[in-house]
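Chains, contacts and geometry: an overview
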Amino acid sequence: MSGVATPVVEVKAPETPAYKAKAYAAKSATSGLATFSVPRRELRPDDVQIDIQYCGVCHSDLHQVRNEWQNTLPTVYPVVPGHEIIGRVAKTGRAVKKFKAGDIVGVGCMVNSCGVCENCRAGDEQFCVNFPTLTYNAEDKILGGVTYGGYSDSIVVREAFVLRVSDKLDLAGAAPLLCAGITTYSPLRHWNVGKGQKVGIVGLGGLGHMGVKFAKAFGARVVLFSTSPKKIADAKRLGVDEVVISTNPEAMQKHLASFDFILDTVSAEHDLNAYLLLLKKDGTMTLVGAPEKPAPVAAFNLILGRHRLAGSAIGGIRETQEMLDFCAEHGITSDIELIKIQDINQAYDRLAKSDVKYRFVIDMGSLK
Ligand code: NAP
Ligand code: ZN
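Being a predicted model, the structure only gives us computed values, none of them experimental. (Residues numbered from 1 in each chain as written. Chains lettered and ligands numbered in written order. Predicted model: local features only at pLDDT ≥ 70, side-chain atom pairs only at ≥ 80, totals over all residues. Heavy atoms only, no water.)

**Some remarks on helix α11 (residues 344–352)**
We apply this condition: A 1.4 Å probe rolled over the protein chains alone gives each residue an accessible area, and that area as a share of the maximum for its type sets the label: buried under 20%, exposed over 50%, partly exposed in between. In this text, helices come from DSSP runs of H or I with a minimum length of four residues, and strands from runs of E with a minimum of two, each type numbered from the N-terminal end. It is the directions from the helix axis to the C-beta atoms whose arc is reported. By definition, residues are in contact when any of their heavy atoms lie within 4.5 Å.
For α11, the full list of buried residues reads I344, A347, Y348 and L351. Along the long axis of α11, the arc covered by the buried residues comes to 100 degrees, so they all point the same way. Packed against the buried residues of α11 are β1 (19–26), β2 (33–40), β3 (47–57), α1 (59–65), β16 (336–340) and β17 (359–363). Just downstream of α11 lies S354, where phi reads positive at about 60 degrees.

**Observations concerning the sheet that holds strand β15 (residues 308–311)**
The line we're drawing: Pairing between strands is defined by DSSP: at least two bridges between them are needed. Lines fitted to C-alpha atoms define the axes here, with helix axes fitted over just the stretch in contact, and angles between the N-to-C directions of these axes take values from 0 to 180 degrees.
Read from one edge of the open sheet, six strands run β12-β11-β10-β13-β14-β15, paired in parallel fashion. Edge positions in the sheet fall to β12 (242–245) and β15, since each has one partner strand and no second. Recorded for the sheet is a direction-independent mean angle of 20 degrees between the axes of neighbouring strands. Bridge count for strand β14 (residues 279–287) against β15 is four bridges, and the pairing is parallel. Bridging across to β15, T286 finds its partner in A310. Helix α4 (residues 180–190) rests against β10 (198–202), β13 (259–264) and β14 of the sheet, and its axis sits at about 160 degrees to β13. In the packing of helix α5 (residues 206–217) onto the sheet, the strands contacted are β10 and β11 (221–226), and the crossing angle to β10 comes to about 165 degrees.

**Observations concerning a nonpolar patch on the surface**
For clarity, the cut-off: Within this analysis, patches are made of residues with over 30% relative accessible area and no salt bridge. Like charges are joined at 9 Å or less; nonpolar side chains (Val, Leu, Ile, Met, Phe, Trp, Tyr) at 5 Å or less. Accessible areas in this description were obtained via Shrake-Rupley with a 1.4 Å probe; residue shielding takes into account the shown protein chains only. We define a salt bridge as a contact between a side-chain nitrogen of Lys or Arg and a carboxyl oxygen of Asp or Glu at a distance within 4 Å.
A contiguous nonpolar surface patch, about 350 Å² in accessible area, is contributed by F300, I303 and L304. Of note, I303 is situated in helix α9 (residues 300–303).

**Side note on the site of ligand 1**
The condition is simple: Residue proximity to a molecule or strand is established when one non-hydrogen atom of the residue lies within 4 Å of it. Any N or O atom pair separated by 3.5 Å or less is treated as a polar contact, with the protein-specific requirement of one donor-capable and one acceptor-capable atom, and with residues adjacent in sequence counted only for side-chain atom pairs. Residue type decides the class: Asp, Glu, Lys and Arg count as charged, Ala, Val, Leu, Ile, Met, Phe, Trp, Tyr, Cys and Pro as nonpolar, and the leftover types, Gly among them, as polar. What counts as a domain boundary in this text is fixed by an automatic or database domain assignment.
In the neighbourhood of ligand 1, 30 residues make up the surrounding shell, with S226, T227, S228, K231 and R359 lying closest. One of the side-chain nitrogen or oxygen atoms of S60 is found 2.8 Å away from an oxygen atom of ligand 1. Within the backbone of L204, a nitrogen or oxygen atom sits 2.8 Å from an oxygen atom of ligand 1. Protein chains shield 89% of the accessible area of ligand 1, which is 930 Å² for the free molecule. Contributions of two or more residues to the shell around ligand 1 are made by α1 and α5. Its residues placed into classes, the shell around ligand 1 shows 12 nonpolar, 15 polar and three charged. The two domains that each donate at least three residues to the shell around ligand 1 are domain 1 (19–179 + 336–366) and domain 2 (181–311).

Rendered as structure tokens:
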């Protein structure tokens, strides 16, 4: 078996929590986010309790708060988003071996998985055939109810889903590595992107700018496709070799049949065919962006050139640790705008307009 079950969010009556954490939640698709408190469980032997310091703002948070994935992953309200979590260990359960109080740790998009299916055993917990427990908006199989994410001051997570974060890294800039980082690192590694290859990154947002950093670190020649001419200078500073403004058909034409690999990080409806035409023979385009609506693909754009159209979801825990260690070794973090939690609704409005340089990160110290 290699498929992935469709998630079903069942809301069981929650058990009595050990404590309540402060948080920010959206009560509906149109309410915006405001203060809320969430239940957190009593530590089990293999649990780690984390005081959250920083949490990145992913476009997936925005999609889910606004229920844009209602056909695939409907939002259960109130929703507390946040899956780019950095914090310090507050307490550990008695069987925890990897962490102790005071350690700097991270939590990404998953907090649990079945652990026994073929994909979990292969270290691909993100493809757990019983569906991984996502950090928020998923059935909480331990406490009941739904899971609540990192726009909060504290969280309890199984040790196996907690990552070590080097104190060499700027911690606010490291938060986005937990989703934007691994989501771009994993497909670039899977498709062996490296020296001698021409690689396209589509969209310069949170994922896209991390894709640029990793593709450059792996030695590829990197072309950015952007709809935003005002991002050209930043793209160059980030190491991009060439920027193509994707709304200019002539500029696109110049790159026909020339790419080994293209990583598409776009969050909204756009034409995939325009990029498939740019692949070389046997080239691959991988989608990580998850727009609300399906996109048509012309068969001939795959047939001619034996092109592949693939997808990728975050990465497994082992690979996420590998990515964090790679970042510590190479000094890679995200370019961020640090915000207070009280500014989250304005940040969402800017994110919806592709206006962020290049990831918002919430300073959780502002959640008083
Ligand atoms: P983001 O920061 O908003 O970046 C998305 C970028 O897409 C924008 O900066 C913009 O780049 C481009 N874009 C936006 N609207 C566009 C349009 N109408 N046409 C063409 N380009 C457009 O978002 P993100 O946090 O990086 O997330 C990107 C997508 O990945 C989201 O859909 C998110 O849910 C998904 N995601 C998937 C995974 C996974 O595991 N597969 C993990 C995390 C996130 P330019 O201004 O340069 O054009
Ligand atoms: Zn994310």
